[in-house]
Amino acid sequence: MYLLLAFLSLIPRAPCLGELKAFVVAHSHMDVGWVYTVQESMHAYAANVYTSVVEELMKGKQRKFIAVEQEFFRLWWDTVATDIHKQQVHQLLQEGRLEFIIGGQVMHDEAVTHINDQILQLTEGHGFLYETFGMRPRFSWHVDPFGASATTPTLFALAGFNAHLISRIDYDLKDDMQKTKKLQFVWRGSPSLSENHEIFTHVMDQYSYCTPSQIPFSNRSGFYWNGIAVFPDPPKDGVYPNMSVPYYINKHADQFGVTVQYSTVSDYFQALYNRNLTWDIQNFQDFLPYSTEPFQAWSGFYTSRSVLKGIARRASSLLCAGESFFTQYVQKYPAGSVCKFWALQQLRSLRWAVSEVQHHDGITGTESPKVKDMYMNHLMDGIVNVKKLMASIILDTDNPPSLRNVEQYIIVYNPLAWNITTFVVVAMSYSAVSVYDELGHPVPAQIQGSAESPFTYDLYILVTLSGLSYQRYSVKLSADNESAFIARSVKYGRKVIKHADRQSRRLIPVLNDCYTVMLDQNTNLMHSITDRKTNQTVEVTQEFLEYHVNGDVRKGPISDNYLFTPNGSAVEESKAVGLEVVSGNLVREIRQYFYRNTTAQDYMYVAYSRIYSVPGGYDDKLLCHRIEQEYRVGPLELNREAIFRTSTNLNTKQTLHTDNNGYQMQKRPYKVFVNNSVARNYYPMVQTAYIEDDRMRLILLAERSHGVSSQGNGQVEVMLHRRLWNNLEWDLNYNLTLNDTSVVRPMFWLILGTKSAADVLYQSSALALEHRPVVMYGELTERLPPPLLRDPVTLPANLHLQTLSIPGWTYSSNHTEQLQNIYKGIRKQEDADFRRVLLRIRHMYEVGEDPVLSQPATVNLKSLLKGLGTVELVEERSLTGTWDINTLERWKWKSAQHISKGGWETRFCFLFSSPKLLIGRCWYFCWMLQLKKQSH
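By the naming in an unreviewed UniProt entry, the protein goes by Alpha-mannosidase and is assigned to Gopherus evgoodei. Per its UniProt entry, the protein bears the Sequence similarities (unreviewed entry) comment "Belongs to the glycosyl hydrolase 38 family."

Below you can see the structure in the form of structure tokens.
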């Protein structure tokens, strides 16, 4: 077996007795991708783990085991397990000797994952466990993620967990916590939810889930009970190297003063809870970044494999759109020709892929190249499947009147539950075109030469879409007054940055109704941004730099997939900048080309910055208040880490703010360390980072995860790309040197404004970037789809419709009935209930963040969803959908601030007649709806 044993803290049997009882947890430790692919791991050892665990557990009542990630277990259950194995699993679960912990598809990373995807992968695993066994995990075992986010305790509390367990936090901090005996506490991860969704948290000591090799009963002969996996084929006799069974401690109980018993995580936490001790409070702060030694800051993986990070987030956004698109189709067109079971399989393929890549050696970029390719293939296959589904829904229509002279039609779907006004970009092979809506009215558009190819044009189309609806546009050749505006371009000579005359600046203005961007013609760099509403000007300069890193372990610390260890400060590698400004009536684009010197033929980096204008009568609130920036970086030279630094005259006191998982913000004051201060002041930016002073705030929004830091007053820098190689034997053996030769094209939205204005803009803008409209287009045939999903779904401005999907679960939402069905061997194999809809709504604002938007909001579900059909039944559920919220009782741990609060946590249910719901600050609400379908 490929197993590990872990100590959990020793608990005195009685307050006055010295003899201790230790809980030892046997668990599987199987990465869903890291060095080997899932398929290789299943063949070599993962399948054998579950087979042998089940068989060995049946040999002794004292034996217990916890299973964590569900991907391997589900593959084993569906493809390997015999009927006898399945019967034994049911028995072991009923006896409490096999326990599923966390229960997600994977053990997700906490630093660079988005909360949407954390919830998805938990929901995938929990749905399988409840459908198959009627069980719902109550504890976490997050021992391997590289640092701990403050989102996680809130997430697990909302999923119904009683306690949380982590391990990897900064070595200095863990050492202090061990010395002061503060490794256990009650964690209030959200400042808005506070004690309502706090969770008891245990931090494993310095040995984590292993025991030190130097003690006599370890070193793979005692409690480091670890069978070593063999690749590519498992041992023929089933015996893996270094397998052993401990009972060393109990044979020496008199010597050690300790007895040991096999346990599950719930055994340990139950024993601890029963002692009714009073615990300290950990408020809102996370445990990031994570360092293991002075020169081992695990902040490099925040950016590693940026292409994978971008594809993973793109896939997640498309999945969200596909889910709501399909849900509306099923409810509005129950007799439609698209096979619902086929459609569900397309969605499930992408659900699986997006869940899988959230693994802590997946989206982190810390896997081997072949595992990266596996993730990419699974994601791309799922993307193709969901696009195919959406196209099939579009084409399942009647024939409208034909349109003449149309070259192309474009369908644009808005996956947000708000009305939006934005631009979509379509590549064209000709410049004289016109764009029309469904009624034949001309649509504002602009066309310009593409920056990436001299043979194509970029057509910008202004679209206005209601919530969860689409519009159809047609494009045709034309050369009349209805043609798209043709932008003009002005190129400026290449300038040397260092030799610029800064005393006689010549400034070039590029502006819209919200901003004036000034460019310095002496350097071709940005000079300043003026907020035209307040007439406040902030000096802003942006440039690319590189950190140089060591690749020879004989010469010092190295950077790799995980670690960031720069040799010194970032270096300006590009000495000259070329500039082109493209101007039109709708879009103004700044193109900056960064060269190694004035004579270099090829540029090293490109930065495209765009600002938008709209005609009168259009809502430009979000569109006007952003500077859209897109970069092109790579391939890099070896052992270089590329950053984009924004320097301002804001007096930020070197304090940065970054988000935890797109959910809440953390304040990051700069910390000075004896060694490696640069790397230890890098933080994950999943979606948002900002700097501010007393008057203004500068916000960066991202569509993928990056490392971000403030290395100077008024500065914010984002790491964009890494290419590394080193001769560390461990990295070489596992092919983890990150020799990434790709070109990355990340996008950011820059927002500048007063703090009050920025608070209003950044949450909705972040979601607008995350969930950009889905564009489907093709050559016109004889048939063009008529309007289909046109009943808008619109929420108040402070709420976000996070999920509208048909999960396809076949389990009963009545827990007693579900258990009876499982006990009787009844599991629905027939049709999924396509009337059952999963709905999640999130309040976007923290307490006190905005005087209006932070207030609770009321939603009438019947009114909100009237376009989908009649709401027959509403059930408020836990975050992953497996609990009826009215029956969910969580342990309430006694804390120093709430001495009298032992027992069960009180839950509040905001279900009123109508059904009308009050959604409080930063709450997640999850409902299962049963809808009566419309007839057509």
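Now that the structure is up, let's keep going.
Asker: Would you mind going over the nonpolar core with me for this structure?
Answerer: The tendency in soluble globular proteins is for nonpolar side chains to be buried as a group. One finds Phe 133 and Phe 326 to be the most contacted residues of the largest nonpolar core, which totals 107 residues. When near neighbours in sequence (up to four residues on either side) are disregarded, Phe 326 contacts Lys 340, Ala 343, Leu 344, Leu 347, Leu 389, Ile 393, Ile 806 and Phe 834. Within the second largest apolar cluster, 82 residues are counted, among which are Val 412, Ile 590, Leu 700 and Val 716.

Asker: What is the right way to look at empty space enclosed by the protein in this model?
Answerer: Summary: where empty space remains is shown by rolling a probe the size of a single water molecule over the atoms. Following the criterion strictly, the structure yields five cavities of 30 Å³ or more and no others. Taken as a whole, the largest cavity holds about 360 Å³ of empty space. Taken together, 22 residues make up the lining of the largest cavity; nearest its centre are Leu 120, Leu 319, Glu 323, Thr 803 and Arg 840. The set of elements that each furnish at least two residues to the lining of the largest cavity consists of helix 4 (115-133), helix 10 (306-332), strand 38 (799-805) and strand 39 (836-843). A per-class count over the lining of the largest cavity returns nine nonpolar, eight polar and five charged.

Asker: I tried to follow the packing of helix 4 against helix 11 (residues 340-357) on my own but got confused; where do I start?
Answerer: When two helices pack together, their arrangement is given by the angle between the helix axes and the distance between those axes. Contact pair helix 4 / helix 11: the axes reach a minimum separation of 9 Å and the direction vectors enclose 115 degrees. Relative to helix 11, the element helix 4 lies roughly perpendicular. Like other packed secondary-structure pairs, helix 4 and helix 11 cross with a definite hand, here left-handed. From helix 4, Asp 117, Leu 120, Gln 121 and Glu 124 reach across to helix 11, where they touch Arg 351, Val 354 and Ser 355. Looking at the contact of helix 4 with helix 11, its residues break down into two nonpolar, two polar and three charged.

Asker: Just checking my understanding: could you explain the sheet that holds strand 31 (residues 683-685) for this structure?
Answerer: Hydrogen bonds along the backbone pair up the strands of a sheet, which may run parallel or antiparallel. If you walk across this open sheet you meet the eight strands as 20-21-22-23-28-35-34-31, and the pairing is antiparallel. Single-partner strands in this sheet number two, and they are strand 20 (507-511) and strand 31. This sheet shows a mean twist of 30 degrees between the axes of neighbouring strands, independent of strand direction. Two elements, strand 21 (residues 515-520) and strand 22 (residues 525-531), share six bridges in a ladder whose sense is antiparallel. Residue pairing across strands places Met 518 opposite Ser 528, the latter belonging to strand 22.

Asker: Explanation requested: the sheet that holds strand 16 (residues 457-465) in the structure shown.
Answerer: The mixed open sheet is built from four strands, whose spatial order is 13-16-15-18. Pairing within the sheet leaves two strands with one partner each, and these edge strands are strand 13 (420-428) and strand 18 (485-486). As paired elements, strand 15 (residues 445-449) and strand 18 share two bridges and run parallel to each other. Looking across to strand 18, one finds that Gln 446 is bridged to Phe 485.

Asker: Got a minute to help me understand the packing of helix 10 against helix 11 in this structure?
Answerer: Two numbers describe how helix 10 lies on helix 11: the axes approach to 10 Å, and their chain directions differ by 155 degrees. Between helix 10 and helix 11, the angle is such that the two are roughly antiparallel. Classified by chirality, the crossing of helix 11 by helix 10 is left-handed. On helix 11, the residues that touch Leu 308, Ala 312, Ala 315, Ser 316, Leu 319, Gly 322, Glu 323, Phe 326 and Val 330 of helix 10 are Lys 340, Ala 343, Leu 344, Leu 347, Leu 350, Arg 351, Val 354 and Val 357.

Asker: In this structure, what is going on with the pairing of strand 17 (residues 470-477)? I would like to understand it.
Answerer: For a regular strand, side-chain orientation follows a simple rule: the groups alternate between the two sheet faces. Judged from the six bridges that link them, strand 12 (residues 408-413) and strand 17 form a sheet pairing that is antiparallel. Looking at the pairing, Val 412 lines up with Gln 471 of strand 17. In this sheet, strand 17 lies alongside strand 14 (residues 433-436) in antiparallel orientation, the contact comprising four bridges. Pairing of Val 435 across the sheet is with Val 475, part of strand 17.

Asker: Help me understand helix 16 (residues 755-770) in this model?
Answerer: Over its 16 residues, helix 16 runs 22 Å from end to end, which matches the ideal 22 Å to within 8%, given 1.5 Å per residue. A maximum bend of about 30 degrees is found in helix 16 at Tyr 762. With 12 of 16 residues buried, helix 16 is to be regarded as a mostly interior element. Within helix 16, the full set of buried residues consists of Ala 758, Asp 759, Leu 761, Tyr 762, Gln 763, Ser 764, Ser 765, Ala 766, Leu 767, Ala 768, Leu 769 and Glu 770.

Asker: Would you explain the pattern of salt bridges in this entry?
Answerer: Close approach of charged atoms lets side chains of opposite charge pair. Within this structure, the stated rule accounts for 39 salt bridges. Note that Arg 610 and Glu 589 form a salt bridge whose closest N and O atoms lie 2.6 Å from each other. Residue Arg 610 is found in strand 26 (residues 605-612), and its partner Glu 589 is found in strand 25 (residues 587-595); the two are separated by 21 residues along the sequence. Its relative accessible area of 7% is what places Arg 610 among the buried residues. Residue classification places Glu 589 among the buried residues on the basis of a relative accessible area of 2%. We note a salt bridge from Glu 875 to Arg 877, for which the minimum N-O separation is 3.3 Å. The same class applies to Glu 875 and to Arg 877, which are both buried. Here the salt bridges share partners, and the residues they tie into one network are Glu 580, Glu 589, Arg 591, Arg 610, Glu 628 and Glu 630.

Asker: Even after reading the chapter, I still don't get the state of the cysteines, so can you show me in this structure?
Answerer: What makes a disulfide is a covalent bond joining the sulfur atoms belonging to two cysteines. Enumeration according to the criterion identifies one disulfide in this entry. Here Cys 514 connects covalently by a disulfide to Cys 624, the sulfurs 2.0 Å from one another. Handedness of the Cys 514-Cys 624 disulfide follows from its S-S torsion of about 130 degrees: it is right-handed. Of this pair, Cys 514 sits in the loop between strand 20 and strand 21 while Cys 624 sits in helix 13 (residues 621-624), and the two are 110 residues apart along the sequence. According to the relative accessible area criterion, Cys 624 is buried, its value standing at 2%.

What counts, and where the lines are drawn
Residues numbered from 1 in each chain as written. Predicted model: local features only at pLDDT ≥ 70, side-chain atom pairs only at ≥ 80, totals over all residues. Heavy atoms only, no water. UniProt positions renumbered as here; feature names shortened; annotations may be inferred. Core = buried A, V, L, I, M, F, W, Y, C linked by side-chain atoms within 4.5 Å. Buried < 20%, exposed > 50% of the residue type's maximum accessible area, 1.4 Å probe, protein only. Contact = heavy atoms within 4.5 Å. 1 Å grid on protein atoms, 1.4 Å probe; cavity = no way out; pocket = protein on both sides within 12 Å on 5 of 7 lines; lining within 4 Å. Points joined across faces, edges and corners; volume = space filled by probe spheres on them. Helix = DSSP H or I, 4+ residues; strand = E, 2+ residues; numbered from the N terminus. Nonpolar A, V, L, I, M, F, W, Y, C, P; charged D, E, K, R; others polar. Axes fitted to C-alpha atoms, helices over the stretch in contact; angles between N-to-C directions. Parallel < 35°, antiparallel > 145°, perpendicular 65-115°, else oblique. Left-handed = near helix turned anticlockwise from the far one by under 90°. Pairing = 2+ DSSP bridges. Expected span 1.5 Å × (residues − 1). Bend = angle between axes of the 7 residues up to and from the residue. Salt bridge = Lys/Arg side-chain N within 4 Å of Asp/Glu carboxyl O. Disulfide = S-S within 2.5 Å.

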